[in-house]
Amino acid sequence: MALIVQKFGGTSVADLERIRNVALKVKKELEHGNQVAVVVSAMAGVTDQLVGLVRQISPLVAPEALEEYDAVVSSGEQVTSGLLALTLGEMGIPARSWFGWQIPLISDSAHSKARIHDIKTDAILQSLKTGKVAVVAGFQGVDENGRISTLGRGGSDTSAVALAAALKADRCDIYTDVDGVYTSDPRVVTRARKLRKVAYEEILEMASQGAKVLQTRSVEMAMNHGVRVQVLSSFSDAEGTLLVDEEEVVERRKVTGIAYSRDEARITLTSVANVPGVSAKIFGPLAAANINVDMIVQNITEAGKETDMTFTVPRGDLQRAVAAVEKSRDQIKYKSLHSDATVAKISVIGVGMRSHVGIAQEMFEALAEKGINILVISTSEIKISVLISEEYTELALRSLHTAFGLDG
Ligand code: ADP
Ligand code: ASP
Ligand code: MG
């Protein structure tokens, strides 16, 4: 008998009919003679609504406010876990709901983006042994103080993979509203192709560069614990995408996927003194404000005395970032500050980059051909990212998809 963890995202549990469809997927797995633990997200749109309610009351700066944020936004998953357990029961399948604190799934206290520390499996394993399907509310845990935590947006993926690792499950199936991982977001790039297999490192880069099909931490978790993860559709029986080690990907290609993120904003400081320590003066206050700086580029003037510094931050942090830099203006001594929240980041990703040269050149040429200006560039061993004006996002994605021979 195998133990399978199945995870169903928001669209898959969006209404009672879809919850029934999910119950049938669970039933099918049971009919194969397997034990099943299910992880569910909130109904589509519910978490956004809950976040909206909280924001109407609180600017979320105080730590206590984030504790209550988690108390509120975790509730969507509680509803769906109860509804699915009820639906299974009505179908004659014994099941019970599990909330984060009941398992318990213990996290740190970084409310709104908590990390999992430990999952106690005794109670849930005991319940599975009695033949009950475990229906776990994703996205939530409990911290050491007994406060409810949430794992960051899209965090149910991480709940599922972490649970699969803790239960030593044979498989973790992530059911969503597309039937696998594609070469690019299939909702934007209609010619995107489904990948049968994708290397952990590639999907990790794709996720961290904006492809929301899996939460980045869920991929890290799968990689570190060797969890066998599959991404597949709730709405069809099509074969999905398997996450595998790099050596297992047989199809050799230069570029595997293209991701984009609109969650970007750019800040440029002009005429900063080009002296040792100036970068620390700029980025220190941003780190202190817990703002994540991503891309950085520096242009030194001919005389070498001054430099323009451009960097990117998450769009939602732009105002706070500008405030933090302006507060340190006397120490940094820049001439002017310009910010722009209408930028997007496009990334081409592939382990093939380790063995192919000239991919950056091909990328820049494809963008130049469409008249798309590159604002900032950053690279890693298997990724090249460019910052462009947001209005060209779709054009850039589609052009690069064609240029790298990915069109289906
Ligand atoms: P769920 O609610 O099931 O967790 P998400 O909306 O979080 O679903 O993630 C699925 C979505 O990810 C898809 O609808 C698709 O638009 C988007 N996506 C972005 N990049 C990709 C990609 N490379 N492959 C597949 N889907 C992608
Ligand atoms: N419901 C949560 C969200 O919308 C978690 C998830 O769907 O994975 O972010
Ligand atoms: Mg998701």
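Scroll up to find the structure this text is about.
Note that the structure is a prediction, hence the values are computed from the model and not measured. (Residues numbered from 1 in each chain as written. Chains lettered and ligands numbered in written order. Predicted model: local features only at pLDDT ≥ 70, side-chain atom pairs only at ≥ 80, totals over all residues. Heavy atoms only, no water.)

Looking at the site of ligand 2
Near ligand 2, the surroundings consist of S41, A42, T47, E77, F139, R153, G154, G155 and S156. Interatomic distance of 2.7 Å between a side-chain N/O atom of R153 and an oxygen atom of ligand 2. At a separation of 3.0 Å, an oxygen atom of ligand 2 approaches a polar backbone atom of S156. Considered on its own, ligand 2 offers 260 Å² of accessible surface; in the complex 86% of this is hidden by protein. Residues that form the shell around ligand 2 fall into these classes: two nonpolar, five polar and two charged. (Near = heavy atom within 4 Å. Polar contact = N/O pair within 3.5 Å; in protein donor to acceptor, adjacent residues only side chain to side chain. Areas by Shrake-Rupley, 256 points an atom, 1.4 Å probe, with all protein chains shown as cover. Nonpolar A, V, L, I, M, F, W, Y, C, P; charged D, E, K, R; others polar.)

A short note on the site of ligand 1
As a structural note, the neighbourhood of ligand 1 is formed by 17 residues, with T176, D177, Y182, D185 and R187 the closest of them. For ligand 1, the protein covers 89% of the area, taking 580 Å² as the surface of the free molecule.

Observations concerning the environment of V26
For V26, the position within the fold is in helix α1 (residues 16–31). Put simply, V26 and L125 are 99 residues apart on the chain and 17 Å apart in space, counted from C-alpha to C-alpha. Setting aside chain neighbours within four positions, we find V26 in contact with Q6, F8, V36, V38, L88 and V133. (Helix = DSSP H or I, 4+ residues; strand = E, 2+ residues; numbered from the N terminus. Contact = heavy atoms within 4.5 Å.)

Remarks on the packing of aromatic side chains
Counted by the stated rule, this structure contains two aromatic pairs. Summarising the aromatic geometry, the rings of F8 and Y175 are spaced 4.7 Å apart at their centres and angled 10° between planes, so their arrangement reads as stacked. Of the two residues, F8 is situated in strand β1 (residues 3–8) and Y175 in strand β9 (residues 171–176); the sequence distance between them amounts to 167 residues. Each member of the pair, F8 as well as Y175, carries the same accessibility label: buried. When the ring of F283 is compared with that of F311, the centres are 5.1 Å apart and the planes differ by 75°; the resulting orientation is edge-to-face. Linking F283 in helix α9 (residues 278–288) with F311 in strand β15 (residues 306–313), this pair joins segments that are 28 residues apart in sequence. Per residue, the accessibility class of F283 equals that of F311, and both read buried. Lying over the aromatic face of W98, R96 brings its terminal NZ or CZ to 3.6 Å of the ring centre. (Phe/Tyr/Trp six-rings, centres within 6.5 Å; stacked < 30°, edge-to-face > 60°. Buried < 20%, exposed > 50% of the residue type's maximum accessible area, 1.4 Å probe, protein only. Lys NZ or Arg CZ within 6 Å of the ring centre and 35° of its normal.)

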